[in-house]
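Below, each chain spelled out in residue letters.
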Amino acid sequence: MAGKQAVSASGKWLDGIRKWYYNAAGFNKLGLMRDDTIYEDEDVKEAIRRLPENLYNDRMFRIKRALDLSLKHQILPKEQWTKYEEVVLPLHSAFYLDEKISPLSGTPDPKKSFCEANSHPLNCIETRQRKISTLNRI
């Protein structure tokens, strides 16, 4: 019995922290959802491309409205803020990009070097060394 109460109490405590962080992040005051704020790497861009048209249009509307509000140094009226209870559903089904991204980002191939797996030139020491050696020749 005591174990179940402890789990319930810690779950409520963590949920309280999640709500606080959600409100402290500030994107909800601009009407954005969590998935509207994630960095768009290749997997995310592909996931966005695969979204149904209505979700894609809703996302673009939210982002454009947030940019407009940001340029005006304003926030939405409190009634229009994205609420934690509306967004966070069981199994995070409201995070519309999660199910699109997860099949795209598979396990990395151990045979690939770090440079091949991370195509950005600043991520690769070998690439930086090649650039330095090229500069030294000049």
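Residues numbered from 1 in each chain as written. Predicted model: local features only at pLDDT ≥ 70, side-chain atom pairs only at ≥ 80, totals over all residues. Heavy atoms only, no water.

The protein has the name Cytochrome b-c1 complex subunit 7 in an unreviewed UniProt entry, where Rhinopithecus bieti is given as its organism. Under the UniProt heading Sequence similarities (unreviewed entry), the entry covering the protein gives this text: "Belongs to the UQCRB/QCR7 family." Quoted verbatim from the Subcellular location (unreviewed entry) field of UniProt, the annotation for the protein is "Mitochondrion inner membrane". (UniProt positions renumbered as here; feature names shortened; annotations may be inferred.)

The next point concerns the nonpolar core. Grouped together as the largest cluster of nonpolar side chains are 11 residues: Tyr22, Phe27, Leu30, Leu32, Met33, Ala66, Leu69, Leu76, Trp81, Tyr84 and Val87. Elements that contribute at least two residues to this core include exactly α3 (53–71) and α4 (84–87). Residues contacting Leu30, with those up to four places away along its chain left out, are Arg65, Ala66, Leu69, Gln74, Ile75 and Leu76. (Core = buried A, V, L, I, M, F, W, Y, C linked by side-chain atoms within 4.5 Å. Buried < 20%, exposed > 50% of the residue type's maximum accessible area, 1.4 Å probe, protein only. Helix = DSSP H or I, 4+ residues; strand = E, 2+ residues; numbered from the N terminus. Contact = heavy atoms within 4.5 Å.)

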